[in-house]
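The primary structure of each chain is shown beneath.
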Amino acid sequence: MIPTSNYLMLSAVLFTIGVIGVLTRRNIVIILMSIELILNAVNINLVVFSRQLGSVAGQVFAIFIITDAAAEVVVGLGILIALFRNRETVNADEIDLLKW
Amino acid sequence: MNPLPFFIDKLWLIPLFPAATALLMLLSGRWLQNRLISLLCCGSVFLSFLFSVGAFWQLLSLPGERIAEKILFDWIPAGSFLTSSGHLSSFTAQWGFLLDPLSAVMILVVSGVGFIIHVYSIGYMGHEGGYYRFFGFLNLFMFSMLTLVLANNIVLMFVGWEGVGLCSYLLIGFYFLRRSAADAGKKAFIVNRIGDSGFLLGIFLIATTLGTINFRQIPLALEEMHFSVGAPVITAITLLLFVGAIGKSAQLPLYVWLPDAMEGPTPVSALIHAATMVTAGVYMVARNHALYSLAPTTMHVVAVVGALTAVYAASMGLVQNDIKRVLAYSTISQLGYMFLACGVGAFAAGIFHLSTHAYFKALLFLGSGSVIHALGGEQDIRKMGGLWKKIPVTAKTFLVAALAIAGIPGLSGFFSKDEILWQSFAGPLGNRALWAIGVLTAGMTGFYMFRLVFKTFFGQPRYSHEVDHHIHESPRSMTIPLVILAFLSVAGGWVGIPAVLGGSNRFEHFLQPVFGRRADVVLAVNMHAHTQEIQLMIFSVLVAVLGIFLAYYFYLRRTDAPEKLVARFSAGYRLLYRKYYVDEVYDVLFVNRFKDAGTALAAFDLGVIDGWGVDGSSWLTRFTASRSMWTDNWIVDGAVRAFGFFVRLLSYPVRMIQAGFVQGYALSIVLGVLLLLGYYLLR
Amino acid sequence: MLLTQALFYFFAVLAVVSAILVITRRNAVHSAIFLIQALLAIAGIFLQLQAEFLAAVQVILYVGGIMVLFLFVIMLVNLDIAVRQVQFNRQWLLAIVTALVVAAEVGYGLYRGKEAFQFPAASPDILQPNAQRVGLALFQNYMLPFEIASILLLVAMIGAVVMAKRRL
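## Quick word on the overall build of chain A
What chain A contains, in helices and strands, is three helices and zero strands. For chain A, the α and β elements follow one another from N to C terminus as α-α-α. By residue count, 65% of the 100 residues in chain A fall in the buried class. Taking contacts inside chain A between residues at least 6 apart in sequence as the whole, the part at least 24 apart equals 57%. Roughly 3400 Å² of accessible area belongs to chain A as shown, and the carbon and sulfur atoms make up 68% of that amount.

## Considering the overall build of chain B
On a plain count of helices and strands, chain B comes out with 28 helices and four strands. Put simply, chain B has 683 residues, and 52% of those count as buried. Of the accessible surface of chain B, which amounts to about 29700 Å², a share of 69% is contributed by carbon and sulfur atoms.

## Regarding unusual backbone geometry
Cis geometry is adopted by the peptide bond preceding B:Pro253, which originates at B:Leu252 and carries an omega value of -10°. On the secondary structure map, B:Pro253 appears in the loop between helix H9 (232-248) and helix H10 (257-260). Positive phi, close to 55°, is recorded for B:Ala250, a residue that is not glycine. Looking at where B:Ala250 falls in the secondary structure, it is placed in the loop between H9 and H10. Unlike most non-glycine residues, C:Gln50 shows phi in positive territory, near 60°. By secondary structure assignment, the location of C:Gln50 is in the loop between helix H2 (28-48) and helix H3 (52-76). Judged by relative accessible area, C:Gln50 falls into the partly exposed class, the value being 22%.

## Some remarks on the environment of B:Arg325
Residue and element names in this part refer to chain B. Structurally, the position occupied by Arg325 is in helix H15 (residues 323-343). Along the chain, Arg325 and Asp260 lie 65 residues apart, while their C-alpha atoms are 8.2 Å from each other. Ignoring any residue separated from it by four or fewer positions in sequence, one finds Arg325 in contact with Pro259, Asp260, Met262 and Gln320.

## Remarks on the interface of chain C and chain A
Taken together, the 84 residues of chain C in the interface contact 68 residues of chain A. Counting each side, the surface lost to burial between chain C and chain A is near 6600 Å², with a carbon and sulfur contribution of 77%. At the boundary of chain C and chain A, one finds zero salt bridges. For the pair chain C and chain A, the number of links is 15 residue pairs in polar contact (both at pLDDT 80 or more). Mapped onto the side of chain C that touches chain A, the elements with two or more residues apiece are helix H1 (2-24), H2, H3, helix H5 (92-112), helix H6 (130-140) and helix H7 (143-164) of chain C. Along the lines of polarity and charge, the residues of the side of chain C that touches chain A split into 64 nonpolar, 14 polar and six charged.

## Looking at the environment of B:Phe360
Residue and element names in this part refer to chain B. Along the chain, Phe360 turns up in helix H16 (residues 347-374). On a C-alpha basis, the gap between Phe360 and Leu485 in space is 6.9 Å, while along the polypeptide they are 125 residues apart. The residues contacting Phe360, other than those within four sequence positions of it, are His353, Ala401, Ala404, Ile405, Ser412, Gly413 and Ser489.

## As for the pattern of salt bridges
All names here are of chain B. Under the criterion given, the structure shown has 13 salt bridges over all chains. Glu162 is paired through a salt bridge with Arg193; the nearest N and O atoms lie 2.9 Å apart. With Glu162 in helix H6 (residues 154-172) and Arg193 in helix H7 (residues 179-210), this pair connects stretches of sequence that are 31 residues apart. On the basis of relative accessibility, which here comes to 37%, the residue Arg193 falls in the partly exposed class.

## Looking at the packing of aromatic side chains
As enumerated under the stated definition, the model contains 36 aromatic pairs over all chains in all. For the ring pair B:Phe134 and B:Phe174, a centre distance of 5.5 Å and an interplane angle of 75° mean the geometry is edge-to-face. Linking B:Phe134 in helix H5 (residues 131-150) with B:Phe174 in the loop between H6 and H7, this pair joins segments that are 40 residues apart in sequence. In this structure, A:Arg25 packs its charged tip against the face of C:Phe88, placed 5.2 Å from the ring centre. Across from the ring centre of B:Phe661, 4.5 Å away, lies the NZ or CZ of C:Arg90, which sits over that ring.

## Overview of H7(B)
Each α-helix winds once per 3.6 residues, and so residues spaced three or four apart point in a common direction. With 32 residues, H7(B) ought to run about 46 Å at 1.5 Å a step, and its terminal C-alpha atoms sit 46 Å apart, in line with that. Largest kink in H7(B): about 25°, centred on B:Ile194.

## What to know about the packing of helix H17 (residues 392-406) of chain B against helix H21 (residues 476-491) of chain B
Residues and elements named next belong to chain B. The interhelical angle for the contact between H17 and H21, taken along N-to-C directions, is 25°, at an axis separation of 9 Å. If you check the angle between H17 and H21, you find them roughly parallel. Every pair of crossing elements has a handedness; the one defined by H17 and H21 is left-handed. Residues Val393, Thr394, Thr397, Val400 and Ala404 of H17 form the contact with H21, whose own contacting residues are Thr479, Leu482, Val483, Ala486, Ser489 and Val490. Across the contact of H17 with H21, the residue classes break down as seven nonpolar, four polar and no charged.

## Looking at the pairing of strand E4 (residues 92-99) of chain B
Residue and element names in this part refer to chain B. Buried residues dominate E4, accounting for seven of its eight residues. Direction of pairing for strand E1 (residues 68-77) relative to E4: antiparallel, over a ladder of eight bridges. Of the residues in E4, the one forming a bridge with Ile71 is Gly96.

## Looking at the packing of H9(B) against helix H14 (residues 296-317) of chain B
Residues and elements named next belong to chain B. Taken N-terminus to C-terminus, the directions of H9 and H14 make an angle of 25°; their axes are 9 Å apart at the nearest point. Considering their axes alone, H9 and H14 lie roughly parallel with respect to each other. The residues of H14 that touch H9, namely those facing Thr235, Thr238, Leu239 and Phe242, are Thr297, Thr298, Val301, Val302 and Val305. Taken together, the residues of the contact of H9 with H14 sort by class into five nonpolar, four polar and no charged.

## Digging into a nonpolar patch on the surface
Residue and element names in this part refer to chain B. Together, Leu72, Phe73, Trp75, Ile76 and Val159 give the surface a local cluster of nonpolar side chains, amounting to about 390 Å² of exposed area. The element best represented in the nonpolar patch is E1, accounting for four residues. Checked against the element boundaries, Phe73 lands in strand E1. Given a relative accessible area of 40%, Phe73 falls into the partly exposed group.

## Topic: H5(C)
For H5(C), with 21 residues, the first-to-last C-alpha span of 30 Å sits near the 30 Å given by 1.5 Å per residue. In the core, the buried residues of H5(C) are packed alongside helix H1 (4-24) of chain A together with helix H28 (662-681) of chain B.

## Considering the interface of chain C and chain B
Contact residues are listed per partner, giving 13 residues for chain C and 13 residues for chain B. For the chain C and chain B pair, buried surface summed over both sides reaches about 1100 Å², with 69% attributable to carbon and sulfur atoms. When the buried surface of chain C facing chain B is broken down by residue, C:Gln91, C:Thr98 and C:Glu105 rank first, second and third, together holding 43% of it. Joining chain C to chain B, the criterion identifies zero salt bridges. Scanning the region where chain C abuts chain B turns up three residue pairs in polar contact (both at pLDDT 80 or more).

## Brief notes about the confidence of the model for chain B
Overall, the predicted model of chain B reaches an average pLDDT of 86, with 97% of residues at or above 70. With a pTM of 0.66, the predicted complex shows an ipTM of 0.92.

## Section: the side chain of B:Ser249
All names here are of chain B. Topologically, Ser249 is positioned in the loop between H9 and H10. Ser249 gets classed as buried once you look at its relative accessible area, which sits at 0%. Engagement of the side chain of Ser249 in a polar contact is seen with the backbone nitrogen of Gly281, the distance being 3.2 Å.

Conventions adopted
Residues numbered from 1 in each chain as written. Chains lettered and ligands numbered in written order. Predicted model: local features only at pLDDT ≥ 70, side-chain atom pairs only at ≥ 80, totals over all residues. Heavy atoms only, no water. Helix = DSSP H or I, 4+ residues; strand = E, 2+ residues; numbered from the N terminus. Buried < 20%, exposed > 50% of the residue type's maximum accessible area, 1.4 Å probe, protein only. Contact = heavy atoms within 4.5 Å. Areas by Shrake-Rupley, 256 points an atom, 1.4 Å probe, with all protein chains shown as cover. Buried area = accessible area lost by both parts, 1.4 Å probe. Salt bridge = Lys/Arg side-chain N within 4 Å of Asp/Glu carboxyl O. Polar contact = N/O pair within 3.5 Å; in protein donor to acceptor, adjacent residues only side chain to side chain. Nonpolar A, V, L, I, M, F, W, Y, C, P; charged D, E, K, R; others polar. Phe/Tyr/Trp six-rings, centres within 6.5 Å; stacked < 30°, edge-to-face > 60°. Lys NZ or Arg CZ within 6 Å of the ring centre and 35° of its normal. Expected span 1.5 Å × (residues − 1). Bend = angle between axes of the 7 residues up to and from the residue. Axes fitted to C-alpha atoms, helices over the stretch in contact; angles between N-to-C directions. Parallel < 35°, antiparallel > 145°, perpendicular 65-115°, else oblique. Left-handed = near helix turned anticlockwise from the far one by under 90°. Pairing = 2+ DSSP bridges. Patch = residues over 30% accessible without salt bridge, like charges linked within 9 Å, V, L, I, M, F, W, Y side chains within 5 Å. pLDDT = per-residue confidence, 0-100.

Below you can see the structure in the form of structure tokens.
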């Protein structure tokens, strides 16, 4: 039996990598992919505990998260396309109209 | 208390009738027909005349004293005050009327002659514009004059005095679009005003000295306070009152307005400046005879001024060429006679001459108006002549009046003028010198009057052809008054035929209760010197006839003689013709000085008041406003801007947080998580 | 037992390495491929945890749907220029440090709460048959969230269409 903590550690590592990706990369597409990583890390967490505690709720919630991630990516990429059409750039730090 | 007889009880209606029609003309005259206006205005004066006759009749039949007072209401109460002699007095200026022989004579003359002139005006002013205005003013004048003569106290008399002055101004300037007429009106009023200032001071002095202003009470107060003859305060009062008379009655030196007053329509000249208004001064002196009797110095002044004015004005009348101007100077001269009479104590004689003068002078003016009307507006006697056959009624009545004024025996002027001359020769205050001046004036009067007659009606016609076609006798509305006045000029003197000629001098006797003791003294003198009187009478008649003959000689016989005489004495002639340059002297001495004062005041007003005051205050306002604006811009706005600056200063670092860089925001979220976790883990 | 552990470590390492490669590649397509790899590894983790349905869903939805979408969009958004640009933004050092500190904190937290994770070993048959269980739960207990999720998808679809239209 793999101890739960291992899974949790994995989840934490993936989460961290995702966070670093979000905070560090300029390319918006990569940022969105990093967000997917984060969500997946959370999914791992949920499934682990669902198995541990014997409740199927965890998995159901994980399905919802996947659904949600899909929707979010769809919209996000739509925005990206619109943004690209207007600005000819996909770099996050070049879109700073709300700058002081 | 016996009820007053009807006409005396209704005494107050006599001035009221014309006042009512004057008010009517003021309010609605513009829209009334000429015929209605004539009917109303002349009718009201006729009513006044009827009531005057009635009052006179009833006065005669009063038992006891011939004096009656009718008080309408108390007008101005003066409250208690201390007179100059320490008495505690209070009086009330009433709206009250006094009827005694003197005022009875006056109202008969004023309303009678006034009515005749009103009727004449219907014809004379018939084609003029402003018909209602003329009659309105004329009626207003009648109201003022009647109030003046009927007043029972000197304050109400002053109301009438001012009223006649106002109407004189309004009527002289009737043709107000003519510059000369407007100026003449102003001149009359202003010169009158100068006299009025003296009059007012006299009134004040009477009030404070005697404690009363009522004509019946002044003699009582004089007796009570034991004023001696020649008391300085009485002399002062009488002199001040006389100053008023000088202005109103055109004596030296305030006569200058009367010749200019001929700018007004001829009926105005006849009524106001011959028969009535100018005589108000004489009436006023006569009314206050109680005061004058106590001031022989003033009486002397009055007589001298009267005499000098008489001869002075006559000298100027010798050379004037405007028919009305000659008559104007004649009026001044005859007024001088009236004051001469009052000055020597012969008040009754003065009033007698006042009444006869009213008849023949009014006739002379109306006649001249008829001549002017016939000649289509010509007033220069150098352009007249040969009118005797053309306008017979006018000519004949004019001749009657000329004879009367010259003092030809049998006519009214003879009796009144002679009485004055006799009293100035032989009366207790008389003076041979004054008599001599009077006789000289009588001669000059004869001369200038008949110069006028001969040049106007006789000799070769000197008018143009167009005028010739125009000549016509005046309508009946104008000639009938002339005839009536001619009749009065003849018969008006028969009430005053002196004892020396067999008459009973009823006029003098009638006025005896008014003038009292003086008349007695005069009568006493009369008794002793009948022959002297007749001698003087003949002498003055001869002098008058001499004057007439000289006029005949110069103007009908040797018509070239006047020019030769003028050429020889050209300087003297010029002096007379230019009226002794008095108007010019007055201009330099007074008129221009007042104008200069006015200019100086105007300069002060413009420079100081408008300049410093108005402009200054505007400058001050603008200056304050600019300072205020500066404060607002720099201090107030500065504070606001400083506030904003500081907020910006403080916000600068805070602002930098918002970089528009989304990942930065994400980092701050993670940072927050870090801190939170750290806090909970390290607890 | 050994197989289980080996499988775990295999999938774990694969996932982590793929993740690291996702965030460090210059080329977005590369990152996408590595992400697919990571997702497949995670699907393997799910299988190991006896969540078969979820593993299937993960592969079908995530990899087959979402990643395909990603690749389409990468293709639409011409990233040739982006390839030559700087890849990391100006806060990269600070971000890494912060994230690592958070990770350390989480690790420390896990370490501190070791005891809480001492669960009795779960039976292998728990939550079996998995698909039925999940299905039943989904359509009985969690019907409402299910419906809401479908509405969410509808909205997302509309949103995507609107956003990507060339002319509104």
